Every structure is written in C-alpha cells, then in structure tokens.
Amino acid sequence: MGGAGSPTVEGSRAVTDGGVKVPGWNGKVDAAEEKAGMTLNDARLIQEGDAFHVTTGPATTYWMSNATASGDFTVKATFNEPKYMNLNSHAHPYGVFIGGNDMGTSDQSELYCAAFGNGKFIVRGFGPTPFRMNGLLGESNSAVHKAPGRGQPVTQDISVSVKGNTVTCAVNGSVVASYDKAALTGAGKLKSTDGYYGLRFAHNTDVLVTGLATSKN
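Residues numbered from 1 in each chain as written. Predicted model: local features only at pLDDT ≥ 70, side-chain atom pairs only at ≥ 80, totals over all residues. Heavy atoms only, no water.

Draft legend 1. View of the sheet that holds strand β12 (residues 154–163). The eight strands are arranged β1-β3-β4-β16-β6-β12-β13-β14 in an open sheet whose pairing can be described as mixed. Two strands close off the open sheet at either side, each with one partner strand: β1 (19–20) and β14 (174–180). In terms of strand pairing, strand β13 (residues 166–171) meets β14 through six bridges, oriented antiparallel. From the neighbouring strand, Cys169 faces β14, where its bridge partner is Ala177. (Pairing = 2+ DSSP bridges. Helix = DSSP H or I, 4+ residues; strand = E, 2+ residues; numbered from the N terminus.)

Set out below in structure tokens:
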C-alpha cells in the first residue's frame with residue numbers, strides 16, 4: 001500500500017481538471033499529501049444538480065466560507081458512492097467534520113466521522129497532528145452499509161452531534177461512537193468543538209454528497 005502521493009497502487013492519483021469549482025467553498029489537502037507534492041488542484045469539487053461531486057486525488061477537507069456551528073448542534077450529509085472502489089483497490093472513507101479551526105493553514109484542526117463502503121467507520125481528527133479515536137483502521141458496525149460488490153452503489157447517511165459534554169457519530173440513523181468532549185479537546189486535539197463544519201474525503205474516492213446541513217440540538 002503506497003503512501004500519499006506515492007506511485008504505488010494506493011498512492012494518491014491526481015484527478016484531471018481539478019480544483020474547487022463551487023463558489024464559496026474552500027479546501028485543503030492533508031499535510032502528508034502536501035509533502036508528497038499534491039495540491040488542492042489534484043482533487044475536484046463540483047456541483048451536479050443538488051449534489052456535490054467530489055473526486056480525490058489527495059485526502060482533502062472541504063468547507064464553505066460561512067459554515068460554522070457552535071454550542072449544541074448536529075451536522076449531517078448523505079454520501080453516495082456510485083461505483084464502490086472504482087478508484088482504489090480497497091475501501092476508502094468519506095464523511096463530515098466539525099470543530100474546524102485555523103482552516104486552510106498548517107494549524108488546521110477538525111474532527112471527522114467517515115464511513116467505508118465495506119461496513120466500517122472511522123473517527124479521526126487533526127490537532128493539527130493526526131489523532132485517532134477508534135483505532136488505526138476504524139471498526140465495523142452493522143449500521144454502516146456495505147456495497148454489494150466492487151463497482152456497485154452504496155449510500156451512507158452520516159452525522160456528528162454535540163450535546164452538552166458528549167459528541168456522537170451516527171451512521172444511517174444509529175449512533176456508532178460517543179465521546180466525552182474532554183477526550184476530543186486540548187493539547188494535540190481540537191481547540192474546541194465549535195468552528196467550521198464540512199466534508200472530509202480520503203484519497204482516491206469518487207462520491208456524490210447531498211443534504212449537507214446543520215441544526216441546533
């Protein structure tokens with residue numbers, strides 16, 4: 001398995017006609033991708049009807065210029081992978097993030113919950129150094145949908161909620177992970193659960209996103 005930007009099978013492969021092509025949106029590729037020479041123009045965010053079509057490329061975080069949430073809130077979106085694993089040799093995740101601060105800088109911090117089309121999910125963050133909340137490769141949960149096979153469609157509804165001192169991740173309506181806010185903030189982790197929210201994609205993914213929204217809890 002290759003690293004970010006490497007020429008081996010699972011290295012990040014630059015997309016053609018890349019960049020952020022939706023007004024008001026911004027993005028940043030991971031620091032490891034930058035070190036490998038990848039840029040935001042090696043991934044693509046476009047609008048297709050009521051959906052955002054994201055193709056990576058390097059692992060990338062996307063957010064709207066005015067999209068912030070604070071206090072108790074939920075951020076949700078629906079992710080449709082039309083052709084599971086069409087750009088990779090194994091499942092790669094995608095999801096939503098919260099707590100974004102110092103966006104677009106080397107100090108960018110965020111927490112994301114993302115699902116794979118093989119029934120697994122992962123909770124990770126940047127503080128700005130990466131930190132893992134549920135292991136190196138995530139974990140399986142029956143709530144996470146599995147694609148019938150390679151090249152087949154799979155859809156996931158993903159949300160992250162903050163309520164009081166608890167942060168939860170839900171996939172397809174079921175809570176799959178719950179954390180005390182104190183475990184997510186502080187040195188090496190989030191500055192706060194308040195901040196920007198948006199979309200998160202691993203490298204070499206091809207996904208349609210609808211229904212990105214935030215609401216108060």
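Draft legend 2. The arrangement of the side chain of His53 in detail. In this fold, His53 is placed in strand β4 (residues 51–56). Residue His53 is classed as buried on the basis of its relative accessible area, which comes to 16%. A polar contact of 2.8 Å, which involves the side chain of His53, links it to the side chain of Glu48. Beyond its immediate chain neighbours, meaning those up to four positions away, His53 contacts Arg44, Leu45, Ile46, Glu48, Asp206, Val207 and Leu208. (Buried < 20%, exposed > 50% of the residue type's maximum accessible area, 1.4 Å probe, protein only. Polar contact = N/O pair within 3.5 Å; in protein donor to acceptor, adjacent residues only side chain to side chain. Contact = heavy atoms within 4.5 Å.)

Draft legend 3. Region of the structure containing the nonpolar core. Residues Phe79, Val96, Leu111, Leu199 and Phe201 are the most contacted members of the largest nonpolar core, which totals 55 residues. The element best represented in this core is strand β8 (residues 109–115), accounting for five residues. Those residues within four positions of Phe79 in sequence are excluded, and the remaining contacts are Tyr94, Gly95, Val96, Val154, Thr155, Gln156, Ile158, Leu199, Phe201, Val207, Leu208 and Val209. (Core = buried A, V, L, I, M, F, W, Y, C linked by side-chain atoms within 4.5 Å.)

Draft legend 4. Representation of the state of the cysteines in the model. Summed over the entire model, instances satisfying the criterion amount to one disulfide. Bridging Cys113 to Cys169, the disulfide has an S-S length of 1.8 Å. Taking the sign of the S-S torsion, -55° for the link of Cys113 and Cys169, the bridge is left-handed. Placement of Cys113 in strand β8 and of Cys169 in strand β13 is noted, with a sequence separation of 56 residues between them. (Disulfide = S-S within 2.5 Å.)

Draft legend 5. How the structure looks around the packing of aromatic side chains. This structure, assessed with the given rule, holds five aromatic pairs. Three or more aromatic residues joined by ring pairs form one cluster here, namely Tyr62, Phe79, Tyr94 and Phe201. Sitting over the ring of Tyr112, Arg200 keeps its end group 4.7 Å from the ring centre. (Phe/Tyr/Trp six-rings, centres within 6.5 Å; stacked < 30°, edge-to-face > 60°. Lys NZ or Arg CZ within 6 Å of the ring centre and 35° of its normal.)

Draft legend 6. A look at the side chain of Arg200. Looking at the secondary structure, you find Arg200 in strand β15 (residues 195–201). Take Arg200: its relative accessible area is 5%, and that puts it in the buried class. One polar contact links Arg200 to Thr61, side chain to side chain, over a distance of 3.3 Å. Contacts of Arg200, omitting those with residues within four sequence positions, involve Asp30, Ala59, Thr60, Thr61, Tyr94, Gly95, Glu110, Tyr112 and Phe126.

Draft legend 7. Region of the structure containing unusual backbone geometry. Here the bond from Thr56 into Gly57 is cis, since omega is 20°, no more than 30 degrees from zero. As for its position among the elements, Gly57 is in the loop between β4 and β5 (60–69). If you check the backbone angles, Asp17 has positive phi at about 50° while not being a glycine. Asp17 gets classed as exposed once you look at its relative accessible area, which sits at 56%. A positive phi angle is found at Met85, which is not glycine, with a value near 65°. Within the secondary structure, Met85 is located in the loop between β6 (73–81) and β7 (94–101).

Draft legend 8. Examining the pattern of salt bridges more closely. One pass over the full model with this rule turns up four salt bridges. Between Glu34 and Lys28 there is a salt bridge, with the nearest N and O atoms lying 3.3 Å from each other. Taking the relative accessible area as the measure of exposure, Glu34 reaches 40% and is therefore partly exposed. Using a relative accessible area of 13% as the deciding quantity, one classes Lys28 as buried. Salt-bridge contacts for Arg200 lead to Asp30; the nearest nitrogen and oxygen are separated by 2.6 Å. (Salt bridge = Lys/Arg side-chain N within 4 Å of Asp/Glu carboxyl O.)

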